[in-house]
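Report on the structure
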Amino acid sequence: MIYRFRQHIPVIHPSAFVHPQAAVTGNVVIGHDVYVGPGASIRGDWGKILIEDGCNVQENCTIHMFPGVTVVLKQGAHIGHGAVIHGAAIGANCLVGMNAVIMDNVVLGDECFVGALAFIKADSIFERRSLIVGNPAKKIKEVSDEMMQWKTEGTKLYQSLPNQMREHWEACEPVTELPLADPDSEPIVVYKTWNESKPHQ
């Protein structure tokens with residue numbers, strides 16, 4: 001669902017995939033290989049939203065702002081399910097966890113991680129590679145090279161997803177029983193959680 005607002009029509013690169021159940025309104029620019037999931041609301045009516053190349057905005061995320069503000073998601077930013085970004089600047093290759101809320105005038109340096117359900121209050125600034133958790137959110141440590149490698153690999157899966165969606169995704173009617181050959185017998189991708197992947201200490 002793509003909507004003009006006043007003179008602004010969203011600009012979406014052909015390599016991006018915006019789910020038809022997402023809503024993109026007004027002054028929004030979406031770059032190369034961006035994935036936008038169903039239920040996402042990206043509303044550039046009062047300001048501008050710039051989503052740079054290789055980002056993903058997953059299901060039910062909300063991106064908005066106060067009047068006159070530009071929201072930026074820099075290259076490779078990874079916005080987890082249900083997160084809210086309101087008037088903030090998200091650095092390159094950041095990870096924002098599920099249902100996190102990032103308020104107005106927040107600046108995240110590159111390669112920050114924000115934990116699930118974190119609440120980052122307005123005007124907060126975090127330096128590069130901060131691991132940020134809690135309510136109100138605080139930096140608890142630095143993001144390690146191993147964490148960054150794990151995140152980057154996960155984001156690459158999302159960067160490949162737009163093309164896969166164009167090739168393999170279509171509306172269909174459900175079947176009434178399982179087929180004889182189980183389509184789930186082999187995983188489509190292999191990617192482990194951080195707890196499964198992190199070095200043992």
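It should be emphasised that the depicted structure is a prediction, and the values quoted were computed from it without experimental measurement.

**Focus on the environment of Lys138**
- Structurally, Lys138 can be placed in strand β20 (residues 137–142).
- Note: C-alpha distance between Lys138 and Ile2 (136 residues apart in sequence) is 36 Å.
- Not counting chain neighbours up to four residues away, the residues in contact with Lys138 comprise Phe126, Leu131, Ile132 and Val133.

**Remarks on the sheet that holds strand β19 (residues 130–134)**
- Ordered by their spatial adjacency, eight strands build an open sheet running β3-β5-β7-β10-β13-β16-β19-β20, and the pairing between neighbours is mixed. On the outer flanks of this sheet lie β3 (17–18) and β20, each paired with one strand and no other.
- Where β3 and strand β5 (residues 35–36) come together, two bridges link them in parallel fashion. What sits directly across from Val18, in β5, is Val36.

**Considering the layout of surface pockets**
- Considered as a void within the structure, the largest pocket measures approximately 500 Å³ in volume.
- The set of elements that each furnish at least two residues to the lining of the largest pocket consists of β13 (95–96), β16 (113–114), α1 (145–168) and α2 (194–197).
- Broken down by element, the lining of the largest pocket gets its largest block of residues, seven residues, from α1.
- In the lining of the largest pocket, the residues fall into 13 nonpolar, ten polar and one charged.

**Concerning the pattern of salt bridges**
- Tallied over the full model, the rule gives six salt bridges.
- The shortest N-O distance in the salt bridge between Asp45 and Arg43 comes to 2.6 Å.
- Of the charged contacts in the structure, one is a salt bridge between Asp145 and Arg129, with a shortest N-O distance of 2.6 Å. Taken as a pair, Asp145 in helix α1 and Arg129 in the loop between β18 (125–126) and β19 lie far apart in primary sequence, 16 residues in all.
- Asp145 sits in the exposed class, given a relative accessible area of 56%.
- Taken together, the shared-partner salt bridges connect Glu111, Arg128, Arg129 and Asp145 into one network.

So, how was this worked out
Residues numbered from 1 in each chain as written. Predicted model: local features only at pLDDT ≥ 70, side-chain atom pairs only at ≥ 80, totals over all residues. Heavy atoms only, no water. Helix = DSSP H or I, 4+ residues; strand = E, 2+ residues; numbered from the N terminus. Contact = heavy atoms within 4.5 Å. Pairing = 2+ DSSP bridges. 1 Å grid on protein atoms, 1.4 Å probe; cavity = no way out; pocket = protein on both sides within 12 Å on 5 of 7 lines; lining within 4 Å. Points joined across faces, edges and corners; volume = space filled by probe spheres on them. Nonpolar A, V, L, I, M, F, W, Y, C, P; charged D, E, K, R; others polar. Salt bridge = Lys/Arg side-chain N within 4 Å of Asp/Glu carboxyl O. Buried < 20%, exposed > 50% of the residue type's maximum accessible area, 1.4 Å probe, protein only.

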